[in-house]
Amino acid sequence: TQLLEQSPQFLSIQEGENLTVYCNSSSVFSSLQWYRQEPGEGPVLLVTVVTGGEVKKLKRLTFQFGDARKDSSLHITAAQTGDTGLYLCAGSGAGSYQLTFGKGTKLSVIP
Amino acid sequence: DARVTQTPRHKVTEMGQEVTMRCQPILGHNTVFWYRQTMMQGLELLAYFRNRAPLDDSGMPKDRFSAEMPDATLATLKIQPSEPRDSAVYFCASGLVTSSNSNQPQHFGDGTRLSIL
């Protein structure tokens, strides 16, 4: 069974600060996706990374896939209150469309 | 934007009652997933379908849960009889998978919040 561990579980920061959240596994994934979920809604895809060492940027968000494709990180620069939410990473194995989700990092950005 | 639609959004019922949750996937998507989300376990895959055929339901308690796709526009998840431990948010997601690209996003509905008293 492939497991994804996310850390920290909870994070509360002031607006304008930088933060990094992590997604780690002992298993290799062929691709990894990051989703954000807001209260009362379903997760929404932010990015997909597929190549070891890949870095993708989405405005103030930077996503990195580890060289060995076992881990990933999400860095947010100058956090805003609109970044508040649950950040979920999800991995899939080779040829599989089935996703294994981590339990998420709940981020609160305080004005 | 096309969206996955789930009904009802909220359901409160007593244990032992039958619960039916419905999902309308995005038109043209060929894969449908059912997930359950709790604080303790996070998002867990219950079952998924490709072209309306069930591919994997190993995450689902088979004695009380059943999932079907009567047609391409409707997926259902039933619990009978329901138990308090089934209380959770149930999400449906859909996607379009092709042989050349399995890294397609899953599009989630806004879930059914189920409370079994």
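Residues numbered from 1 in each chain as written. Chains lettered and ligands numbered in written order. Predicted model: local features only at pLDDT ≥ 70, side-chain atom pairs only at ≥ 80, totals over all residues. Heavy atoms only, no water.

A cluster of nonpolar residues, Phe10 of chain A together with Met39 and Met40 of chain B, forms a patch on the protein surface that exposes about 430 Å² of accessible area. Within the secondary structure, phenylalanine 10 of chain A sits in strand β2 (residues 10-14). Exposure remark for phenylalanine 10 of chain A: the relative accessible area of 52% places this residue in the exposed category. (Patch = residues over 30% accessible without salt bridge, like charges linked within 9 Å, V, L, I, M, F, W, Y side chains within 5 Å. Areas by Shrake-Rupley, 256 points an atom, 1.4 Å probe, with all protein chains shown as cover. Salt bridge = Lys/Arg side-chain N within 4 Å of Asp/Glu carboxyl O. Helix = DSSP H or I, 4+ residues; strand = E, 2+ residues; numbered from the N terminus. Buried < 20%, exposed > 50% of the residue type's maximum accessible area, 1.4 Å probe, protein only.)

Right, let's get into the pairing of strand β3 (residues 19-24) of chain A. Residue and element names in this part refer to chain A. Here β3 shows one buried face, formed by Leu19, Val21 and Cys23, and one open face, formed by Thr20, Tyr22 and Asn24. Across three bridges, strand β1 (residues 5-7) lies against β3 in antiparallel orientation. Within the sheet, the bridge partner assigned to serine 7 lies in β3 and is tyrosine 22. Summarising the sheet, β3 and strand β8 (residues 71-76) pair through six bridges and their orientation is antiparallel. Its bridge partner being in β8, asparagine 24 is matched across the sheet by aspartate 71. (Pairing = 2+ DSSP bridges.)

At the interface, 25 residues of chain B touch 21 residues of chain A. Roughly 1700 Å² is buried in total at the junction of chain B and chain A, and carbon and sulfur atoms are behind 52% of that figure. At the boundary of chain B with chain A, the tally comes to zero salt bridges. There are seven residue pairs in polar contact (both at pLDDT 80 or more) connecting chain B and chain A. Mapped by element, the contributors of at least two residues to the side of chain B that touches chain A are β4 (31-38), β5 (42-50) and β9 (88-95) of chain B. At five residues, the largest contribution of residues to the side of chain B that touches chain A is made by β5 of chain B. Its residues assigned to classes, the side of chain B that touches chain A shows 11 nonpolar, 10 polar and four charged. (Contact = heavy atoms within 4.5 Å. Buried area = accessible area lost by both parts, 1.4 Å probe. Polar contact = N/O pair within 3.5 Å; in protein donor to acceptor, adjacent residues only side chain to side chain. Nonpolar A, V, L, I, M, F, W, Y, C, P; charged D, E, K, R; others polar.)

All names here are of chain A. Along the chain, glutamine 64 falls in strand β7 (residues 61-65). Its relative accessible area of 40% is what places glutamine 64 among the partly exposed residues. The contacts of glutamine 64, once residues within four sequence positions are left out, are Glu54, Val55, Asp71, Ser72 and Ser73.

It is worth spelling out the pairing of β9 of chain B at this point. Residue and element names in this part refer to chain B. Of all eight residues in β9, eight are buried, a share of seventy percent or more. Taking every second residue as pointing to the same face, both faces of β9 are buried, with Ala88, Tyr90, Cys92 and Ser94 on one and Val89, Phe91, Ala93 and Gly95 on the other. Pairing of β4 with β9 involves seven bridges; the strand directions are antiparallel. Paired with valine 32 across the bridge in β9 is serine 94. Note that β9 and strand β11 (residues 112-116) share three bridges and pair antiparallel.

Turning our eyes to something else, we now look at the layout of surface pockets. Taken as a whole, the largest pocket holds about 690 Å³ of empty space. Lining the largest pocket are 34 residues; nearest its centre among them are Gln37, Leu86 and Lys106 of chain A together with Gln37 and Met39 of chain B. Taken together, the elements giving at least two residues each to the lining of the largest pocket come down to β9 (85-92) and β11 (105-110) of chain A together with β4, β5, β9 and β11 of chain B. The class makeup of the residues in the lining of the largest pocket is 11 nonpolar, 16 polar and seven charged. (1 Å grid on protein atoms, 1.4 Å probe; cavity = no way out; pocket = protein on both sides within 12 Å on 5 of 7 lines; lining within 4 Å. Points joined across faces, edges and corners; volume = space filled by probe spheres on them.)

On to the sheet that holds β7 of chain A, then. Residue and element names in this part refer to chain A. One open sheet holds the five strands; their spatial order is β1-β3-β8-β7-β6, and the pairing between them is antiparallel. In this open sheet, the two edge strands, each paired with only one partner strand, are β1 and β6 (55-58). On average, adjacent strands in this sheet sit at an angle of 15 degrees to one another, irrespective of strand direction. (Axes fitted to C-alpha atoms, helices over the stretch in contact; angles between N-to-C directions.)

Before going further, it helps to examine the side chain of threonine 20 of chain B. All names here are of chain B. Position of threonine 20 relative to the elements: it lies in strand β3 (residues 19-24). Note on threonine 20: relative accessible area 19%, which makes it buried. Discounting chain neighbours no more than four positions away, the residues touching threonine 20 are Pro8, Leu77 and Lys78.

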